[in-house]
Every structure is written in structure tokens, then in C-alpha cells.
Amino acid sequence: MQKRGIFSLVLLLTVFSLFATQDLIDLGTAYELVIAETPLSDAETNTASSVSVITQEQIMAYNAQTTAELVGKAIGTSFNSVGGLGSLQTVVIRGATSSKNLIYLDGVLLSSAHDGTVDLSIIPIDIIERIEIIKSGPGNLGRTNAIGGMVNIITKKGQKRETPFSLSFENGSFLPLTHDTDEQNWQSLVDSQNINVTYMNEGLVATMGGLVAQNAFTYQDGNDTRKLRENAEVYEWHGAVNFDTSVSENIQFTTQNLATYKNLGVPGGLSFGLTPEDYQKDLFVSTTNTMEIANVSELLETIATRLHYGYGKTFYHDDDYQDSTHNKHTASVQLEGTWGLGQSYALTTDFLYNLDHVDSTDVGKNNRHTISTSAHGSLYVGNGNISIHPSVNIAYLSDLETFSPNASLGAILSLTKNTELNTSISYAENVPTFSQLYWPFMGNPNLKTEKGLNGEIGISTTNGTITYEGTLFGRNIYNDIAYDASWTPQNIAHSVYLGIEQSMELEITENFNIQMSYLFNKSHDLSGGNTFADNVEVSNVRKHTVKAALFFSRDLFVGSISTEYLGSTNALDPAFLVNLSTSIQVTDALKAYVAVDNLLNTAYELTSGYPMPGIKIRIGGTVRF
């Protein structure tokens, strides 16, 4: 049995899938699409952290449009968005928003000291092998913790193929509904086009593609008038190259590179006013180069050196105020060692230097040098039935002249072959960003470091047909940075989250699989003298989230139906969403699919004031040659 993470108390996931032959998608005899809650014990050192894994098979089956949509499939995880394709999308983990979460690409931190957030839309789905969502503790990264959680996006590696080239294509259509001008926008039938070309062979994978979308969907404004979303178009291009090779018997070299460019309109929000003339240009470049040496000595099993450089540029044209440009540079050097201490012990240590340099028209020029070191260990006793996993990290930040510690302790108890208990507790800190400190008229140079304490306990069990997982979790955040009435960040917030996650998977037959999941997340805003008795909830945190999925396969057809209920917040209405995807293997070289997003045409928002698209029909496919 895989060691599984633990959060839960009532899940309702219902998924449909028509998974064809193994030539189409190799999902094993059960053809199951499982968003596994697992600490990746088979792949990485176990930490007793709760980790959801979204696999390549799931990515292919859901036919999702964006990386954020995939991340949102996991229980306990959602995302904020300000509109259609190409718009800003940030992850939310158990109610913790983007600045409290860490985003990694192939194990390298993408979060910048500029604003602490990462727009997931800069990472195209085509390059992703799998996604690991760490909801407590250090997970398999083993180096640090986050007040919220961490997302590690792992890109594809080259594999030998008889048909190394693949061409994927898609057209997306909105319904040409009549709007306030009594007209129909027939161009909505060809609203978005996506194309991607990939070459994959042994050790090498290269991808190039692009996206064009008008995002001209209809929505209901505050007066229940149907309008057409305007100035929301996006033009996106991306390219990626990953290469790995064995330099010698014990030396492995890997290089991972990504570039993304976006030119998009900024339509504005319904609450603060539309911006029909604003636009934004984003450029993101990342390169990571790793040299790993194995069998260094009897004591040191492996040592790896990782060099990373990332560059991001955002230009924003504000038609009412001045334009702004933000240049963000990050560079890091990491040395990581895995030590051989026998079968009952495991130890990984690392040393990391990171530079953040920001040159911004708003916050000026700022540097942050971060030096950190960490150690993560595992101790196995009782024939491996009990394992203990301590982790510690300490970092020094030059601009704040402060030390920032993080630590966690986890334990796993195997009650039987198929039943486990997990528990963990972790402490994490989150220092203020340059934007929070220095933004003109809305910065606060006196901000203190946010501090968070997370704890959880859970159980997982299976009898082969039914798998159940449940986790009780809690989070306590002090010095929480929140914005006051003048939009100035202050350490005014103290918040507590108490919740439970439950998930159940039922494998009915080899071709039929049902999953259900439920998240209850009760938040308490204890700032400003509030107490638990006052029952003041944290803004924009959903108390109830239900997800469901049903999968089925038949001959050459593969399909999935996924449902999701998003509970209300103080600013957002509840929403019930249904997505459909059906694929057919037309020939050995051609796969075609039809996907329907928001099948019920639900009107909803993920960020207050920013309507999300209604029903959208996407037709696409992949040709291999």
C-alpha cells in the first residue's frame, strides 16, 4: 500500500471516465484516475506530509485548459482567477492565499520577493509530467515549510519513442448568446485556438506552442444584464527544452528551460470599474542546470549541485494613471547531499544561496540575499512499522537583517498492511515582500514576519476495492499581513483554521471508478480583538468544498465527468460546476477529444468582481508522427 497523506472528513467526488485501450492511456487494469493523497514514499524520502499527486494520466484524461485547473482538482486546493484564459491564476491551499504558498518548478522556487505570488498561467500544461501539492510540512522537497502549502510542478523528461513528434491542437467556443446590444457575437464560436508541437526522444524533450483567445464570453452584471466581456484577449507563446544525459557511470547532468510570453488585455472588475484600454505584457524565463554525482563515498550516497536563473518582466499600461514596469531577477546555487546511514536512518542536507533583485517603477531597486541550510531525516523502528521524520531549515535574509527558522516533525504508524495513521506538526515563517514594504503610498516598511503553525492527524485504509482517507487539520497564523481601509498592509490579522478532509474511492470494475471528497474548513478571524465566540470568519475562505469524479472506459472511447461544489464566502456566492471530457483513439497516430467546461453554464466568480466564463465547448486532438 502506498503511504498516503491524511486530511479528510467527508468527500463527495464523482468522476466519469471512458478510458480506452492501453495504447491510448495506460492506466493499468483499473483505468483509474486517482488524485492520490500520498507523501510520495515510493519516490522520495517520506516526511509524513500530506501530498496530492496529479499524474500524467490524469492530465491527459481531464483535458483541462490551464495548470491552475489541474491544481484545483485536488482536495483542499483551489485557485483564484480574474477571468478567462491567460488571466492571473494563483493557488489557494486550505484557505491560505497565494502569498502564503510556495510554487516550485522542478524543485526550484519560483516565488519572487517582489510580490510573493506566482501566476500559474505562465506554465503551459503541455510541458507538465505531474504536479505535487504539499499541504503541510516540507513534503518530498524536504527543505522548508510554508504557512499555507507548496506546489511542485515537475516537467517532462525525454523518452525514446517510435514517433517522436506530436502536434496538439484545440478550438474553444462559447455560446453566441444575445447580450445588451441585442446582438450575437458569432466570433465566440472560434474564441480560442491552442497549438503545440513537441519533439521527444531519449534524454530530450522540446516543446513550442501558443494560444490565441478573445475570452469574449457573456456574463451578468450587477443589474442582471447580460453583457459581453471585452478587452480580455490574450496572445501567448511558450517554448521549453529539457535535456538529461549520463556524463559517466556516476554523473548525471540535467538542464530544464522554459520561456513564456503573454500579451493580454486587462478588462478590469465589476466592483472597481472596467478598464477597456488597459493591457499587460508578461515575460518569464527560467533555466535550471543540475549535476548529480552518485556513490560519492560509503557515507555520502549522492551529491547534487543545482544552478538556477529566472527572469520575469511585467509591463502594465494604465490608461488612467502612469504605466509601470517590473523587472524581477532570481538566481540561486544549491548543494544537496543524501547520506547513507543504514536501512533504519535517512538524512538529506542542503545549502542554498538565493538572490532576488527587483527593478520596479513602483518599488524601486531592491536586493534580497538569502542564505539557508536545512536537514531532513527519517528514523524507522519496529521493522519499519513506525517512522519519525524531523526537518529543520534556517535562513538569513540580508535586507531585513533577520533569521527565519522553519521546522516540522512527522510520524507514521502502520497499524496493519493496509491501514496507517499519520500525524505532523510544522512551524513556518513568511517575510514581507518588496511590494508590501515599499509600494508608493500603500507600502509599510515596518511590517513584521508572518508566523504560522500547522498540525494534522489522519488515517488511510483500503481493502482493495474501497479506499478511505480522512484528515483533521489546524492552522494558526500570527502577524498575518492584511490590508486596512486605506489599502496599506498591516500586521493586524490573527487567524485560525480548523477543518477536516475526507476522500473515498470505489473501484467498481476494471473500467468503472468513482471518487468522492469533501473539505470542511472553518476559519476564525481573531484580529481587532475578535474572539472565537464572535464567530468572525476570514474573508474569502470557503467553508465547504465538495468534489466528485466518475470514470469509465469502453473500447476506443475514454471520458470523464467531474463535478465541484464551491461553498459561499462573505464576498462570493456558492457555485456548482460540471465539466465533461470524452476522447476517442481514431487511429494509432490520432486521438481526438471533446470537452465541455461549465456544462450547466453556471454564473460564478473565483475573485470578487471578476466573472468567470460560462459554458465552453472545446474540440481538439493530438497527432503523433
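Residues numbered from 1 in each chain as written. Predicted model: local features only at pLDDT ≥ 70, side-chain atom pairs only at ≥ 80, totals over all residues. Heavy atoms only, no water.

### Quick notes on the overall build of the protein
Along the backbone of the protein there are three helices and 36 strands. Over its C-alpha atoms the protein spans a radius of gyration of 24 Å, differing by no more than 12% from the 25 Å that the globule rule assigns to 625 residues. Along the longest, intermediate and shortest principal axes, the C-alpha atoms of the protein span 75 × 65 × 55 Å. Relative to its 625 residues, the protein shows a buried fraction of 54%. Long-range pairs, those at least 24 residues apart, make up 61% of the contacts in the protein between residues at least 6 apart in sequence. Surface exposure of the protein reaches about 26,600 Å², of which carbon and sulfur atoms provide 57%. For the protein, the centre of its 35 positive side-chain charges and the centre of its 65 negative side-chain charges are spaced 2 Å apart. (Helix = DSSP H or I, 4+ residues; strand = E, 2+ residues; numbered from the N terminus. Rg over C-alpha atoms; globule rule 2.2 N^0.38 Å. Buried < 20%, exposed > 50% of the residue type's maximum accessible area, 1.4 Å probe, protein only. Contact = heavy atoms within 4.5 Å. Areas by Shrake-Rupley, 256 points an atom, 1.4 Å probe, with all protein chains shown as cover. Lys, Arg positive; Asp, Glu negative; His and termini not counted. Charge placed at Lys NZ, Arg CZ, Asp CG, Glu CD.)

### A closer look at the pattern of salt bridges
Overall, the coordinates contain 14 salt bridges when judged by the stated rule. Here Glu 450 makes a salt bridge to Lys 100, at a shortest N to O gap of 3.1 Å. Here Lys 100 lies in the loop between strand 4 (89–93) and strand 5 (102–105) and Glu 450 lies in strand 26 (residues 450–462), a separation of 350 residues in the sequence. On the accessibility criterion, Lys 100 (9% relative accessible area) is buried. Residue Asp 119 is joined to Lys 262 by a salt bridge in which the shortest nitrogen-to-oxygen separation is 3.0 Å. (Salt bridge = Lys/Arg side-chain N within 4 Å of Asp/Glu carboxyl O.)

### Re the pairing of strand 32 (residues 575–585)
One ladder, built from 10 bridges, connects strand 31 (residues 557–566) with strand 32; its direction is antiparallel. Directly across from Ser 562, in strand 32, lies its bridge partner Asn 579. Here strand 32 pairs with strand 33 (residues 590–597) via six bridges, running antiparallel. Residue pairing for strand 33: Ile 584 is matched across the bridge by Ala 592. Between strand 32 and strand 33, which pair antiparallel and follow one another directly, the connecting turn spans four residues. (Pairing = 2+ DSSP bridges.)

### Quick look at the side chain of Thr 370
Residue position: Thr 370 is located in strand 22 (residues 364–381). For Thr 370, a relative accessible area of 15% corresponds to the buried category. If near-sequence neighbours (up to four positions away) are discounted, Thr 370 is found in contact with Leu 352, Tyr 353, Asn 354, Ala 395, Tyr 396 and Leu 397.

### Some words on the nonpolar core
Ranked by internal contacts, the top residues of the largest apolar core, which has 33 residues, are Ile 123, Ile 131, Ile 133, Val 151 and Ile 153. Of all the secondary-structure elements, those providing two or more residues to this core are helix 2 (67–71), strand 4, strand 5, strand 7 (128–134), strand 8 (150–155) and strand 32. Setting aside anything within four residues of it in sequence, one finds Ile 133 in contact with Ser 50, Val 51, Ser 52, Ile 54, Val 71, Ala 74, Thr 77, Ile 93, Met 150 and Val 151. Val 51, Leu 102, Tyr 104 and Ile 134 belong to the second-largest nonpolar core, a separate cluster that totals seven residues. (Core = buried A, V, L, I, M, F, W, Y, C linked by side-chain atoms within 4.5 Å.)

### Concerning the packing of aromatic side chains
Within this structure, the stated rule accounts for 10 aromatic pairs. Ring geometry for Tyr 62 versus Phe 551: centroids 6.1 Å apart, planes at 70°, classification edge-to-face. Note that Tyr 62 is positioned in helix 1 (residues 56–62) and Phe 551 in strand 30 (residues 544–554), a separation of 489 residues in sequence. Here Tyr 62 matches Phe 551 in class, with each residue buried. An aromatic cluster of at least three residues, connected via ring pairs, comprises Phe 165, Tyr 199 and Phe 625. Positioned above the aromatic ring of Tyr 219, the side-chain terminus of Arg 229 is 5.8 Å from the ring centre. Here the basic side chain of Arg 475 rests over the ring of Tyr 497, its NZ or CZ set 5.4 Å away from the ring centre. (Phe/Tyr/Trp six-rings, centres within 6.5 Å; stacked < 30°, edge-to-face > 60°. Lys NZ or Arg CZ within 6 Å of the ring centre and 35° of its normal.)

### What to know about unusual backbone geometry
Residue Phe 441 is not a glycine yet carries a positive backbone phi of 65°. Position of Phe 441 relative to the elements: it lies in the loop between helix 3 (434–438) and strand 26. A positive phi angle, near 55°, is found at Asn 601, a position not held by glycine. Along the chain, the position of Asn 601 falls in the loop between strand 33 and strand 34 (605–607).

### Brief notes about the confidence of the model for the protein
Per-residue confidence for the protein averages 87 on the pLDDT scale, and 92% of its residues sit at or above 70. Here residues 1–45 scores under 50 on pLDDT; set against residues more than four positions off or in separate chains, the count is 222 contacts. (pLDDT = per-residue confidence, 0-100.)

### Focus on the environment of Gln 220
In this structure, Gln 220 sits in strand 12 (residues 218–220). Here Gln 220 falls in the partly exposed class, since its relative accessible area comes to 40%. C-alpha separation for the pair Gln 220 and Ser 495, spaced 275 residues apart in sequence, amounts to 34 Å. In this structure, Gln 220 is in contact with Thr 225, Arg 226 and Leu 270, ignoring residues within four places of it in sequence. At 3.2 Å, the side chain of Gln 220 forms a polar contact with the backbone nitrogen of Arg 226. (Polar contact = N/O pair within 3.5 Å; in protein donor to acceptor, adjacent residues only side chain to side chain.)

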